[in-house]
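Observations on the model geometry
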Amino acid sequence: EVQLVESGGGLVQAGGSLRLSCAASGFTFDDYAIGWFRQAPGKEREGVSCISSRRGSTYYADSVKGRFTISSDNAKNTVYLQMNSLKPEDTGVYYCHANVWTPATGSRDYWGQGTQVTVSS
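Residues numbered from 1 in each chain as written. Predicted model: local features only at pLDDT ≥ 70, side-chain atom pairs only at ≥ 80, totals over all residues. Heavy atoms only, no water.

As for the state of the cysteines
If you walk through the whole model with that rule in mind, you get 1 disulfide. The partner cysteine of Cys22 in its disulfide is Cys96, sulfur to sulfur 2.0 Å. One quick way to see it: the torsion about the S-S bond of Cys22 and Cys96 is about -75°, and its sign makes the bridge left-handed. A residue pair is termed long-range when its members are at least 10 positions apart, and Cys22 in strand β3 (residues 18-25) and Cys96 in strand β9 (residues 92-102) qualify at 74 residues. (Disulfide = S-S within 2.5 Å. Helix = DSSP H or I, 4+ residues; strand = E, 2+ residues; numbered from the N terminus.)

Description of the packing of aromatic side chains
Two aromatic rings are characterised by how far apart their centres lie and by the angle between their planes. Within the structure shown, the criterion is met by 3 aromatic pairs. Ring centres 5.0 Å apart and planes at 65° place the aromatic pair Phe37 and Trp111 in the edge-to-face group. One end of the pair, Phe37, is in strand β4 (residues 34-39); the other, Trp111, is in strand β10 (residues 106-111), and 74 residues separate them in sequence. An angle of 90° between the planes, with centres 6.4 Å apart, marks the rings of Tyr95 and Trp111 as edge-to-face. A residue pair is termed long-range when its members are at least 10 positions apart, and Tyr95 in strand β9 and Trp111 in strand β10 qualify at 16 residues. Residue Tyr95 is classed as buried on the basis of its relative accessible area, which comes to 13%. Three or more aromatic residues joined by ring pairs form one cluster here, namely Phe37, Tyr95 and Trp111. Positioned above the aromatic ring of Tyr95, the side-chain terminus of Arg45 is 3.7 Å from the ring centre. (Phe/Tyr/Trp six-rings, centres within 6.5 Å; stacked < 30°, edge-to-face > 60°. Buried < 20%, exposed > 50% of the residue type's maximum accessible area, 1.4 Å probe, protein only. Lys NZ or Arg CZ within 6 Å of the ring centre and 35° of its normal.)

Geometric descriptors of this kind do not, in isolation, establish any biological role.
Structure representation (C-alpha cells):
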C-alpha cells in the first residue's frame with residue numbers, strides 16, 4: 001500500500017533549522033514527484049516545495065526561496081526538506097504529498113499525516 005510517513009517537526013527558535021523527512025513506500029519512488037505543503041491555523045494549505053520524479057527539478061514558493069532546500073535520497077525512498085533561517089510565519093503543519101498511480105485506483109493523491117513545525121520569535 002502507498003504510504004507516506006513524515007518526521008522531523010518540532011519547536012525551534014527563529015533563525016534556527018529543522019529537517020523534515022518523508023519516507024515513502026508502496027510505489028516506485030523515483031517515478032513520482034514529491035511535494036511539501038503546509039497549513040497554518042485558519043489558512044489554506046499552500047505549496048512549499050516540490051521535487052520532480054527523476055529529481056532533476058525543484059520548485060520553491062517565493063516565501064521560502066533561499067531558505068529551504070528539498071532533496072531526495074532514492075536509496076532510502078525518502079525526501080527531505082531542509083529548513084534554514086526559520087521565521088515565525090513558517091509555523092504550521094507540514095505535509096508530504098505524492099500523486100501515485102496504482103492498478104486498483106488509478107492516479108490519486110496521497111498525503112502524509114502531517115508534522116507540526118513551530119517557530120518561536
